[in-house]
Amino acid sequence: MTIDELKQILKVPAKKIVCTTQTYSAGDWEKYTIEDEAGRYLPFLLQRQSAKRCRIIASPEGKKTIPYEIIQEALDSGDSVLVFEHYGCGECGVQQELVPPVMKQPNLSRALLWMGKTLMGEWCSDYLLAMEFIRTQFP
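Basis of the calculations
Residues numbered from 1 in each chain as written. Predicted model: local features only at pLDDT ≥ 70, side-chain atom pairs only at ≥ 80, totals over all residues. Heavy atoms only, no water. Helix = DSSP H or I, 4+ residues; strand = E, 2+ residues; numbered from the N terminus. Buried < 20%, exposed > 50% of the residue type's maximum accessible area, 1.4 Å probe, protein only. Contact = heavy atoms within 4.5 Å. Areas by Shrake-Rupley, 256 points an atom, 1.4 Å probe, with all protein chains shown as cover. Salt bridge = Lys/Arg side-chain N within 4 Å of Asp/Glu carboxyl O. Core = buried A, V, L, I, M, F, W, Y, C linked by side-chain atoms within 4.5 Å. Expected span 1.5 Å × (residues − 1). Pairing = 2+ DSSP bridges. Right-handed = clockwise from strand over helix to strand, strands pointing away. Polar contact = N/O pair within 3.5 Å; in protein donor to acceptor, adjacent residues only side chain to side chain. Axes fitted to C-alpha atoms, helices over the stretch in contact; angles between N-to-C directions.

Peer 1: Quick question: what am I supposed to make of the overall build of the chain here?
Peer 2: Scanning the chain from terminus to terminus reveals four helices and five strands. The buried share of the chain, taken over its 139 residues, is 35%. Long-range pairs, those at least 24 residues apart, make up 58% of the contacts in the chain with a sequence separation of at least 6. As displayed, the chain offers around 8500 Å² of accessible surface, 58% of which is attributable to carbon and sulfur atoms.

Peer 1: Sorry, what's going on with the pattern of salt bridges here?
Peer 2: Here the idea is simple: oppositely charged side chains can pair when their charged atoms come close. Using the criterion set out here, one finds six salt bridges in the structure. As a salt-bridge pair, Arg40 and Glu122 come within 2.8 Å of each other at their nearest N and O atoms. Separated by 82 residues along the polypeptide, Arg40 in the loop between strand E2 (29–36) and strand E3 (41–47) and Glu122 in helix H4 (residues 119–137) bring together distant segments of the chain. Glu122 matches Arg40 in its accessibility class, with the two residues each being buried. Put simply, Glu85 and Lys63 hold a salt bridge, and the shortest N to O gap is 3.4 Å. With Glu85 in the loop between strand E5 (80–84) and helix H3 (101–114) and Lys63 in the loop between strand E4 (54–57) and helix H2 (68–76), this pair connects stretches of sequence that are 22 residues apart. In this structure Glu85 comes out as buried when scored by relative accessible area, which is 3%. On the basis of relative accessible area, Lys63 is assigned to the partly exposed category, the value being 21%.

Peer 1: When you look at the nonpolar core in this model, what are you seeing that I'm missing?
Peer 2: What tends to happen in soluble globular proteins is that the nonpolar side chains get buried as a cluster. Counting twelve residues, the largest nonpolar core consists of Ile17, Tyr32, Ile34, Leu42, Phe44, Leu46, Leu82, Phe84, Leu129, Ala130, Phe133 and Ile134. Of all the secondary structure elements, the ones that give two or more residues to this core are E2, E3, E5 and H4. With four residues, H4 is the largest single contributor of residues to this core. In this view, Phe133 contacts Ile17, Thr20, Tyr32, Ile34, Phe44, Leu82 and Phe138; residues no more than four positions away in its chain are not counted.

Peer 1: Is there a simple way to explain H4 in this structure?
Peer 2: Every α-helix carries 3.6 residues per turn, so stepping three or four residues along brings you back to the same face. The terminal C-alpha atoms of H4, which comprises 19 residues, lie 27 Å apart, in line with the 27 Å expected from a rise of 1.5 Å per residue. For H4, the set of buried residues is Leu119, Gly121, Glu122, Trp123, Ser125, Asp126, Leu129, Ala130, Phe133 and Ile134.

Peer 1: Where do I start with the pairing of E4 in this structure?
Peer 2: Two faces belong to every sheet, and in a regular strand the side chains alternate between them. Bridge analysis of E4 against E5 gives four bridges, and the strand direction is parallel. Among the inter-strand pairings, Ile56 is bridged to a residue of E5, identified as Leu82. Taking the sense of rotation as the criterion, the β-α-β connection linking E4, H2 and E5 turns out right-handed.

Peer 1: Can you help me understand helix H1 (residues 3–10) in this one?
Peer 2: Within H1, only zero of the eight residues are buried, which leaves the element largely exposed. Two residues or fewer past H1, Lys11 is found with a positive phi of approximately 55°.

Peer 1: What exactly am I supposed to notice about the side chain of Arg40 here?
Peer 2: A relative accessible area of 17% places Arg40 in the buried class. Within the local environment of Arg40, its side chain forms a polar contact with the side chain of Asp126, the two groups lying 2.8 Å apart. Contact partners of Arg40, with chain neighbours within four places excluded, come to Lys15, Ile34, Glu35, Tyr87, Glu122 and Asp126.

Peer 1: Whenever I open this one, the sheet that holds E3 confuses me. Can you help?
Peer 2: Two orientations exist for strands paired in a sheet by backbone hydrogen bonds: parallel and antiparallel. Ordered in space as E1-E2-E3-E5-E4, the five strands form an open sheet in which the pairing is mixed. The sheet terminates laterally at strand E1 (17–26) and E4, the two strands that pair on one side only. Adjacent strand axes in the sheet meet at a mean angle of 25° when their direction is disregarded. As paired strands, E3 and E5 are joined by four bridges and run antiparallel to one another. Within the sheet, the bridge partner assigned to Gln47 lies in E5 and is Val81. Each of E2, E3, E4 and E5 touches H2; the most contacted strand, E4, lies at about 170° to it. Taken strand by strand, H4 contacts E1, E2, E3, E4 and E5, and its axis lies near 140° from that of E5.

Okay, structure coming up:
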């Protein structure tokens, strides 16, 4: 199976970044918000380091649930670290009080199918946007 075939199966939309805004810096972390062609916003936290590589980290339950050890290991490597929340997660998701966590992803996935999309496709697209952000903003 080729990458293009997998993108077709997952219904990965081809998206481009149309706007990047740095909203603040807190210590070593910089916060950016990007907007894609569909008008969706993704929040990024970036810590730049001297290495020419960047590790991209996300979690289905949002960045607050990423274990500290994973972030620290990435930072200790000397690589830059980008932490973000993809579609339906954390800042880009629904309020936890309204939907129990065990129902959140299945309900979101089912709703996307009604619109001809897949949750995995949306997440893949978000990772591709994160890679585009790194490549274009910090070559």
